[in-house]
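# Secondary and tertiary structure notes
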Amino acid sequence: MSTATTAYRFDTQRVRAGYEPKEHNYAVSPPIYQTAAYDFRDVENAKNLFNLSEEGNLYTRIGNPTVAVLEQRVAALDGASAAIALSSGMAAISYTLLNLAEGGGRILTSPYLYGGSDDSFKKVYPKFGIEFDYAKNIDNPEKLAEEIKPDTKAIYIESISNPNTVLLDVDAIAKVAHDHGIPLVVDNTVATPYLYRPIEHGADIVVYSATKGLNGHGNLIAGLILESGKFDWEGSGRFPHFGEKYYTLRDPETEANRSYLEVFPDYPFTTRVRLNYLNYFGAALGPFDAYLAVIGLETLSERLGKQSFNAAAIADYLNAHNSVEWVRYPALRSSPYHDRYKRDFKNGAGGLLAFGFKGTQEERETFLNSVKLLHYHVNIGDARTLIVNSPQTTHGELTVDEKAAVDIPENLIRISAGLEDVADLIADLEQAFQRAAGTGVGFEPALQRAAG
Ligand SMILES: *Cc1c(COP(=O)(O)O)cnc(C)c1O
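Our subject in this report is the structure included herewith. In this text the structure is predicted, and so the values were computed from the model without any measurement. (Residues numbered from 1 in each chain as written. Predicted model: local features only at pLDDT ≥ 70, side-chain atom pairs only at ≥ 80, totals over all residues. Heavy atoms only, no water.)

Before going further, it helps to spend a moment on the site of the ligand. In the neighbourhood of the ligand, 14 residues make up the surrounding shell, with Gly89, Asp187, Ser209, Thr211 and Lys212 lying closest. Side-chain polar atom of Asp187 to a nitrogen atom of the ligand: 2.7 Å apart, as the coordinates give it. Between the ligand and Ser209 there is a distance of 2.8 Å, counted from an oxygen atom to a side-chain nitrogen or oxygen. About the coverage of the ligand: the protein hides 93% of its 380 Å² of free accessible area. No other element matches helix α4 (residues 89–101), which puts three residues into the shell around the ligand. Considering only residue class, the shell around the ligand consists of six nonpolar, six polar and two charged. (Near = heavy atom within 4 Å. Polar contact = N/O pair within 3.5 Å; in protein donor to acceptor, adjacent residues only side chain to side chain. Areas by Shrake-Rupley, 256 points an atom, 1.4 Å probe, with all protein chains shown as cover. Helix = DSSP H or I, 4+ residues; strand = E, 2+ residues; numbered from the N terminus. Nonpolar A, V, L, I, M, F, W, Y, C, P; charged D, E, K, R; others polar.)

Structure below.
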């Protein structure tokens, strides 16, 4: 871990943390170390790198200097003891869950989930002996404790849920988890550390899809896992696998095998992911994508600030519109999460919002087919504004009843506000509403939808 920049404030760290030009031929912008492997200095160096007694690069699958800049920078922004970057958000989630519950176990999860998480929790993990309990009391932490079972390995939540922007009481949920000796995992993809730092609210593990707001340009797929370094894995009693002793971790003097907890007490979780899961399952992030993500991070605050501004303006516009049934956006006074937003989100509510289209299915489809400036596709956190009918796409695998239970009604439309001039975005939405209502087009927005 580079500690040189950790004393600085957020906006300094997002452009400086984890990188020292003098360690890289004085290059100001982090170089792209486009190499698969690294020469050994000599036989002694090879031996030391393999038995982990010396830090250094060996093979890009498990470590790369450009990827390390991304890891250390995000760790600094989140106040984590360490981070590991992976080739997607789904890799970050799956390695986290396997590292927690390998060999079998349960995860107590919030029902308000990203579609890919929800689908895989139901369909894929049970085949590996990992079962999910969908919490009935996620918004009622006193009763949530009753849902923790003897083999529950963690509580899993999203800080701002995708697509319906549910904000949970993370501090209270963390307390329930810790009272029962289990860690809290928070998917902080939508918020990013600019809006919310889960570790400050008690999270033990934070996962990201860096594909979204962290990078913010819709031009790569990447993920990260972070750890607080504070969870007592040994004391919990639920994680004997963290105490397993490995030959690769042996003491260079005594030759005795050692565990991750002994050798890496401040970051056993991410190190175990790196050496067991990344090493052998192999979802490595390439140096070029890591470089793009680092460049994306440099404008994190400005992007999330402008996206919060644009989303709030769009939410206000939609809230007053007669073709709109309801709007979900935490910064709106009408939001059930407004008080929590006021308490925990000092920098804004972010770019994600959802609304209920008032009208028939056909009108709703005409509306979506009529947007010109907004991009119709499944991504979020891009510099461009995106729109999608989540219940029929990202959350299409849920039954109508399941959708209703998690507040994703059939008429939900999700918007991820970008960085355009919000007047152009609102004009585009307005002409699409008018087309859908069959009232003709009031005006054409200045920009045409980009080709493709
Ligand atoms: C997109 C997303 C993921 C998955 O990330 P990928 O980088 O697409 O694999 C996980 N969680 C949330 C909240 C997301 O929005």
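Let us look at the side chain of Asn276. Following the sequence through the fold, Asn276 ends up in helix α11 (residues 268–281). A polar contact of 2.9 Å, which involves the side chain of Asn276, links it to the side chain of Tyr260.

Attention shifts here to the sheet that holds strand β5 (residues 184–187). Strand order in the open sheet formed by seven strands is β1-β7-β6-β5-β4-β2-β3, and the pairing between neighbours is mixed. Looking at which strands have only one partner, the edges of the open sheet turn out to be β1 (82–86) and β3 (130–134). Adjacent strand axes in the sheet meet at a mean angle of 20° when their direction is disregarded. When β5 meets strand β6 (residues 205–209), the two strands line up parallel, connected through three bridges. Looking at the pairing, Val186 lines up with Val206 of β6. The sheet strands contacting helix α3 (residues 65–78) are β1, β6 and β7 (223–227), and the helix crosses β1 at an angle near 135°. (Pairing = 2+ DSSP bridges. Axes fitted to C-alpha atoms, helices over the stretch in contact; angles between N-to-C directions. Contact = heavy atoms within 4.5 Å.)

With that out of the way, let us pick up unusual backbone geometry. Note the cis peptide between Asn162 and Pro163, where omega equals 15°. In this structure, Pro163 sits in the loop between β4 (152–158) and α7 (170–179). For Leu52, which is not glycine, the phi torsion reads 65° and is therefore positive. Phi at Thr192 takes a positive value of approximately 60°, unusual for a residue other than glycine.

Moving on, we come to the packing of aromatic side chains. A full pass over the atoms with the stated rule returns 28 aromatic pairs. With a centroid separation of 5.9 Å and 50° between ring planes, the pair formed by Phe10 and Tyr194 is classed as tilted. Remark: Tyr194 occurs in helix α8 (residues 192–195) and Phe10 occurs in helix α1 (residues 10–16); sequence separation between them is 184 residues. You'll find Phe10 and Tyr194 in the same group, each marked buried. A connected cluster of aromatic rings, assembled from ring pairs, spans Phe231, Trp233, Phe239, Phe242 and Phe269. Stacked on the ring of Tyr247, the Lys or Arg Arg250 has its end atom at 4.0 Å from the ring centre. (Phe/Tyr/Trp six-rings, centres within 6.5 Å; stacked < 30°, edge-to-face > 60°. Buried < 20%, exposed > 50% of the residue type's maximum accessible area, 1.4 Å probe, protein only. Lys NZ or Arg CZ within 6 Å of the ring centre and 35° of its normal.)

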